[in-house]
Amino acid sequence: MDLAMGAPGSDIDDGFALALAHADPGIELELLTTVNGNTDVESATILTGELVQRLGIKDVPIIKGAAAALTRPGIVRVPADHVTARRDRVPAATPGYAAAAIAELIMANPGEITLVAIGPLTNVAAALNLEPRLASTVKEIVIMGGIFFGTMTDRSLPGEFNVWMDPEAAQAVLRSGAPQRWVGLDVTMQVRLTREHAAQMLAAETPFAPFAGEFTIAWIDYLKQRYPGSAIDADSCAMHDPLAVAVLTHPEICEFREVAVSIITGEGEARGVMITDRREGQDPPPANCRVAVGVNPGAFTDHFMGLIKDL
């Protein structure tokens with residue numbers, strides 16, 4: 001994950017995803033890894049440590065992952081001073097490399113581990129390269145990423161962010177043969193937290209919910225200022241990453257469809273664009289993944305708020 005909750009002006013959905021995974025009694029966290037994405041990997045690791053402390057998560061290793069995309073090893077972002085200054089206040093990351101830790105955990109527990117990727121897929125692709133048998137040993141890879149049945153609204157960001165950041169890694173995962181579900185913007189834009197939800201969290205007398213409510217209000221305010229013509233962004237924000245966590249124990253929240261998908265890689269104008277083959281009939285192309293094609297926003301919100309407000 002490329003967790004950014006806790007840094008002013010940063011997206012909050014990754015922090016909520018971790019909180020939801022911790023709160024869901026049907027999920028047992030085994031390993032947390034970080035990756036360059038919404039923020040640099042050093043900041044993501046520090047902020048993950050802070051959130052783990054706040055949530056009371058114990059005995060789950062945090063391992064720092066890739067600092068840059070697969071084909072951009074020299075392009076490494078420098079962490080912000082206001083985040084690195086907090087390094088000594090959080091548990092130290094477990095030594096090691098995220099890709100190796102992912103591969104070792106899955107190979108030691110055949111068919112038992114679900115890998116949830118809520119950031120760019122650099123660590124996952126590297127793990128598959130380290131151990132190709134991972135594709136047949138992992139129970140499932142659930143990915144927040146992509147847009148399959150529409151287009152982005154920004155020419156400078158033609159692909160969904162997690163895919164655009166490292167399309168070569170995303171393509172490698174798609175080609176791996178691993179069982180995988182993708183939860184993309186087609187559905188995640190429909191599940192949203194409102195100012196009213198944030199107020200409910202602010203009113204809670206718990207360690208996490210008021211903190212999360214405060215950052216939710218700040219993020220909605222940021223979106224309102226950045227997109228002044230958007231009515232939906234004036235009073236709510238999308239819960240992209242938490243939806244990918246929610247479908248682990250509540251698959252009925254989303255409707256999935258088997259499709260064949262490829263990704264445009266490289267540095268061109270269409271970097272990160274997903275090409276989804278939706279042909280049906282006698283000779284459909286072989287599917288390489290399942291993608292979310294529908295969502296029940298109310299069911300998600302009930303599940304999400306029912307757990308988060310008590311944290």
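In this report, the structure presented in the accompanying data block is examined.

Rules behind the numbers
Residues numbered from 1 in each chain as written. Predicted model: local features only at pLDDT ≥ 70, side-chain atom pairs only at ≥ 80, totals over all residues. Heavy atoms only, no water. Helix = DSSP H or I, 4+ residues; strand = E, 2+ residues; numbered from the N terminus. Rg over C-alpha atoms; globule rule 2.2 N^0.38 Å. Buried < 20%, exposed > 50% of the residue type's maximum accessible area, 1.4 Å probe, protein only. Contact = heavy atoms within 4.5 Å. Areas by Shrake-Rupley, 256 points an atom, 1.4 Å probe, with all protein chains shown as cover. Lys, Arg positive; Asp, Glu negative; His and termini not counted. Charge placed at Lys NZ, Arg CZ, Asp CG, Glu CD. Core = buried A, V, L, I, M, F, W, Y, C linked by side-chain atoms within 4.5 Å. Axes fitted to C-alpha atoms, helices over the stretch in contact; angles between N-to-C directions. Left-handed = near helix turned anticlockwise from the far one by under 90°. Nonpolar A, V, L, I, M, F, W, Y, C, P; charged D, E, K, R; others polar. Pairing = 2+ DSSP bridges. Salt bridge = Lys/Arg side-chain N within 4 Å of Asp/Glu carboxyl O. Phe/Tyr/Trp six-rings, centres within 6.5 Å; stacked < 30°, edge-to-face > 60°. Lys NZ or Arg CZ within 6 Å of the ring centre and 35° of its normal. Arc of directions from axis to C-beta.

Another point: the overall build of the protein chain. Broken down by element type, the protein chain carries 14 helices and 10 strands. Compactness check: the protein chain gives a C-alpha radius of gyration of 18 Å against a globular reference of 19 Å for 311 residues, within 12% of the reference. C-alpha extents for the protein chain along the principal axes are approximately 55 × 45 × 40 Å. Expressed as a percentage of the 311 residues in the protein chain, the buried residues total 53%. Residue pairs at least 24 apart in sequence account for 79% of intrachain contacts in the protein chain once pairs closer than 6 positions are excluded. Carbon and sulfur atoms form 52% of the exposed surface of the protein chain, whose accessible area is close to 13900 Å². Side-chain charges in the protein chain split into 23 positive and 39 negative, and the spacing between the mean points of these groups amounts to 3 Å.

In this section: the nonpolar core. In this structure, Phe16 and Phe208 are the most contacted members of the largest nonpolar core, which totals 61 residues. Excluding residues within four positions of it along the chain, phenylalanine 208 makes contact with Met5, Gly15, Phe16, Ala19, Leu51, Arg54, Leu55, Ile308 and Leu311. Counting 31 residues, the second largest nonpolar core, distinct from the first, contains Leu115, Ala127, Ala169 and Ala170.

A word on the packing of helix H1 (residues 13-23) against helix H2 (residues 41-55). Interaxial distance between H1 and H2 falls to 11 Å at its minimum, and their mutual angle equals 40°. H1 and H2 meet at a crossing whose hand is right-handed. The residues of H2 that touch H1, namely those facing Gly15, Leu18, Ala19 and His22, are Thr48, Leu51, Val52 and Leu55. For the contact of H1 with H2, the class distribution of residues is five nonpolar, three polar and no charged.

Most of strand S10 (residues 289-295) is tucked away, with five of its seven residues classed as buried. Both strand S5 (residues 180-183) and S10 contribute to a ladder of two bridges, which runs parallel. Paired with tryptophan 182 across the two strands is valine 291, which belongs to S10. Sheet analysis places strand S8 (residues 254-263) next to S10, joined by six bridges and oriented antiparallel. By the bridge assignment for S10, arginine 257 is matched with valine 291.

The next point concerns the pattern of salt bridges. The final tally for this structure, using the stated rule, is 14 salt bridges. The partner of arginine 87 in a salt bridge is glutamate 42, and the shortest N-O contact between them spans 3.0 Å. Linking arginine 87 in the loop between helix H3 (81-84) and helix H4 (98-108) with glutamate 42 in helix H2, this pair joins segments that are 45 residues apart in sequence. On the basis of relative accessibility, which here comes to 37%, the residue arginine 87 falls in the partly exposed class. With a relative accessible area of 18%, glutamate 42 lands in the buried category. A salt bridge links glutamate 267 to arginine 271; the nearest nitrogen and oxygen atoms lie 3.5 Å apart. One salt-bridge network, held together by shared partners, links Glu42, Lys64 and Arg87.

This next bit is on the packing of aromatic side chains. Enumeration according to the criterion identifies nine aromatic pairs in this entry. A centroid spacing of 6.4 Å and a plane angle of 35° characterise the contact between phenylalanine 161 and tryptophan 164, whose relative ring orientation is tilted. With a gap of three residues between them, phenylalanine 161 and tryptophan 164 both fall in helix H7 (residues 161-165), about one helical turn apart. Taking the centre distance of 6.2 Å and the plane angle of 50° together, the rings of phenylalanine 208 and phenylalanine 211 count as tilted. An aromatic cluster is present here, built from Phe16, Phe208, Phe211, Phe215, Phe300 and Phe304 joined pairwise through their rings. One residue, arginine 54, lies across the ring of phenylalanine 211, its end atom 3.9 Å from the ring centre.

Moving on to helix H10 (residues 195-202). Structurally, the α-helix is built with 3.6 residues per turn, so residues lying three or four positions apart point the same way. Those residues of H10 not exposed but buried are His197, Ala198 and Met201. The buried residues of H10 occupy an angular sector of 100° when projected down its axis, which confines them to one face. For H10, the secondary structure elements touched by its buried residues are H1, strand S6 (192-194), helix H11 (209-226) and helix H14 (297-308).

This brings us to unusual backbone geometry. The residue aspartate 59 is not glycine, and still its phi comes out positive at about 60°. Note on placement: aspartate 59 falls in the loop between H2 and strand S2 (62-63). On the basis of relative accessibility, which here comes to 80%, the residue aspartate 59 falls in the exposed class.

Right, let's get into the sheet that holds strand S4 (residues 140-144). The sheet built from six strands is open, its strands ordered S3-S4-S5-S10-S8-S9 with mixed pairing. One side of each edge strand has no neighbouring strand; the edge strands of this open sheet are strand S3 (114-117) and strand S9 (274-277). Strand-to-strand twist in this sheet, taken as the mean axis angle between neighbours without regard to direction, amounts to 35°. The sheet contact formed by S4 and S5 spans four bridges and is parallel. When the sheet's bridge partners are listed, methionine 144 is paired in S5 with valine 183.

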